[in-house]
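# Descriptive structure summary
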Amino acid sequence: ISGPSAVWTPPQFNKYPQVQYFTDNIMEHTRNNTPDNWFQHYMIGTAGLCSVYDPPVSYWCSENPSGGGAFAFRTPSGVTPKSGALPNSPYADVSQL
């Protein structure tokens, strides 16, 4: 479902433990040949919203992910499709989804 075709419930950040961040800032490990100085340091986040992964670790949970428009991992806690967003709706019950 595309963004404007539904009402999205924000993430429940308090549902998960605090994220543990790690960034390798050892100068000898710095990559100085990256576009726009992105991806110069290895970085990850564990726990927090990454608790949905097994193991619960990801670059997308790191403190400052790099890249055009990059931001830390987050997922909505729910979605309510607007009329016409689901081509075969209405459904008799959710088991048909």
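Coordinates for the structure precede this section.
Described in the following lines is the structure provided in the data block. None of these values were measured; they are calculated from a predicted model.

What counts as what
- Residues numbered from 1 in each chain as written.
- Predicted model: local features only at pLDDT ≥ 70, side-chain atom pairs only at ≥ 80, totals over all residues.
- Heavy atoms only, no water.
- Phe/Tyr/Trp six-rings, centres within 6.5 Å; stacked < 30°, edge-to-face > 60°.
- Helix = DSSP H or I, 4+ residues; strand = E, 2+ residues; numbered from the N terminus.
- Buried < 20%, exposed > 50% of the residue type's maximum accessible area, 1.4 Å probe, protein only.
- Lys, Arg positive; Asp, Glu negative; His and termini not counted.
- Salt bridge = Lys/Arg side-chain N within 4 Å of Asp/Glu carboxyl O.
- Polar contact = N/O pair within 3.5 Å; in protein donor to acceptor, adjacent residues only side chain to side chain.
- Contact = heavy atoms within 4.5 Å.

### Brief notes about the packing of aromatic side chains
Here a ring pair, both rings aromatic, is described through the centre-centre distance and the interplanar angle of the planes. In the structure shown here, the tally under the stated rule is four aromatic pairs. Seen from their ring centres, Phe39 and Tyr59 are 6.2 Å apart, and the 40 degrees between their planes marks the pair as tilted. You can see Phe39 sitting in the loop between strand 2 (20-23) and strand 3 (43-46) and its partner Tyr59 sitting in the loop between strand 4 (57-58) and strand 5 (78-81), a full 20 residues away along the chain. One aromatic cluster is present, built from ring pairs that chain together Trp38, Phe39, Tyr59 and Trp60.

### A short note on the side chain of Asp24
Relative to the elements of secondary structure, Asp24 occurs in the loop between strand 2 and strand 3. Despite being buried, Asp24 has no salt bridge partner; Arg31 is the closest side chain of opposite charge, sitting 11 Å away. Of the polar contacts made by the side chain of Asp24, one reaches the side chain of His29; its length is 2.6 Å. In this view, Asp24 contacts His29, His41 and Tyr42; residues no more than four positions away in its chain are not counted.

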